[in-house]
Amino acid sequence: MNCQKSQKSVITFIGLPLLLCGLVGCSHSVGANHPAVMLDALYDRHEQWQGTPYELGGYDRQGIDCSGFVALTFAELFDVQLPRSTRDQAQIDAEIPESWLRTGDLVFFKIPKQGAMYHVGIYLHDDQFLHASTSRGVMISNLQADYWSDNFWKAVRVLP
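About the criteria used
- Residues numbered from 1 in each chain as written.
- Predicted model: local features only at pLDDT ≥ 70, side-chain atom pairs only at ≥ 80, totals over all residues.
- Heavy atoms only, no water.
- pLDDT = per-residue confidence, 0-100.
- Contact = heavy atoms within 4.5 Å.
- Buried < 20%, exposed > 50% of the residue type's maximum accessible area, 1.4 Å probe, protein only.
- Helix = DSSP H or I, 4+ residues; strand = E, 2+ residues; numbered from the N terminus.
- Pairing = 2+ DSSP bridges.
- Axes fitted to C-alpha atoms, helices over the stretch in contact; angles between N-to-C directions.
- Salt bridge = Lys/Arg side-chain N within 4 Å of Asp/Glu carboxyl O.
- Expected span 1.5 Å × (residues − 1).

Notes on the confidence of the model for the protein
Mean pLDDT over the protein works out to 85, with 79% of the residues at or above the 70 mark. Contacts of residues 1-30 to residues separated by more than four positions or lying in other chains number 13 contacts, the stretch itself having pLDDT below 50.

Printed below as a string of structure tokens:
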């Protein structure tokens, strides 16, 4: 019986803090990079930022651009510092095939307006991605929608 009691104490002592960290999103917990935890954090981010207007060069809730949203999200949720511009984010040397996409990967688009504009978002799951749209602000879109599938450029994996 003493053995069972000490096992329960160890589980409570070690397991409870890990469980709480996973629930509240501690960035350095064992489960912080688990896809389900990341997905929940990204959906929470969407809920908090949804509708924030697009502003070129913006970097707060008053207005934000796509690369700023991605950089700020990665810094605040995953403690990962990314370059500020879409062009620099696209140069991260970890390109993956579109078929390998998983939660937290970056998705890039070349938009054929005024030469080649670039756009970036964060892959969620099931072809959904989170981004700051020039027309509707922070939102979730589908990669298979004609506009996005026609302009898809590449994907990059940042998180392990």
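Looking at the pairing of strand β6 (residues 128-133)
Of all the six residues making up β6, five are buried; the element is thus mostly covered by neighbouring parts of the structure. When strand β5 (residues 117-125) meets β6, the two strands line up antiparallel, connected through three bridges. Its bridge partner being in β6, His125 is matched across the sheet by Gln128. With antiparallel pairing between neighbouring strands as the criterion, β5 and β6 make up a hairpin whose turn holds two residues, including Asp126 at a positive phi of roughly 45 degrees. The pairing of β6 with strand β7 (residues 137-142) spans six bridges and is antiparallel. Bridge pairing in β7 places His131 opposite Met139. Hairpin connection from β6 to β7: three residues lie between these consecutive antiparallel strands.

A word on the sheet that holds β6
Hydrogen bonds along the backbone pair up the strands of a sheet, which may run parallel or antiparallel. Across the sheet, six strands lie side by side as β3-β8-β4-β5-β6-β7; this open sheet has antiparallel pairing. The open sheet has two edge strands with one neighbour each: β3 (95-96) and β7. Each of β5, β6 and β7 is contacted by helix α2 (residues 35-49), which is oriented at about 125 degrees to β5, the strand it contacts most. On the sheet, helix α3 (residues 66-78) packs against β4 (106-111), β5, β6 and β7 and is oriented at approximately 40 degrees with respect to β5.

Section: the pairing of β4
Each regular strand carries side chains that alternate between the two faces of the sheet. The buried fraction of β4 amounts to five of the six residues, a majority that puts the element mostly inside the structure. With four bridges joining them, β4 and strand β8 (residues 152-156) adopt antiparallel strand pairing. Paired with Phe108 across the bridge in β8 is Lys154.

Quick word on the pattern of salt bridges
Counted by the stated rule, this structure contains four salt bridges. The residue Glu95 makes a salt bridge to Lys154 at a minimum N-O spacing of 4.0 Å. One end of the pair, Glu95, is in strand β3; the other, Lys154, is in strand β8, with 59 residues separating them in the sequence. Judged by relative accessible area, which is 11%, Lys154 ranks as buried.

Section: α3
Taking 1.5 Å per residue as the helical rise, α3 with its 13 residues ought to reach 18 Å, and the 17 Å between its terminal C-alpha atoms agrees with that figure. The buried count for α3 comes to ten of 13 residues, which makes it a mostly enclosed element. Within α3 the residues assigned to the buried category are Cys66, Ser67, Gly68, Phe69, Val70, Ala71, Leu72, Thr73, Phe74 and Phe78. Downstream of α3 by a residue or two, Asp79 has a phi angle that is positive, lying close to 55 degrees.

Some details on unusual backbone geometry
A positive phi is found at Asp79, a non-glycine position, where the angle reads about 55 degrees. Relative to the elements of secondary structure, Asp79 occurs in the loop between α3 and α4 (86-90). Judged by relative accessible area, Asp79 falls into the partly exposed class, the value being 43%. Positive phi, normally seen in glycine, also occurs at Asp127, with a value near 70 degrees. Locating Asp127 in the fold gives a position in the loop between β5 and β6. Asp127 sits in the partly exposed class, given a relative accessible area of 29%.

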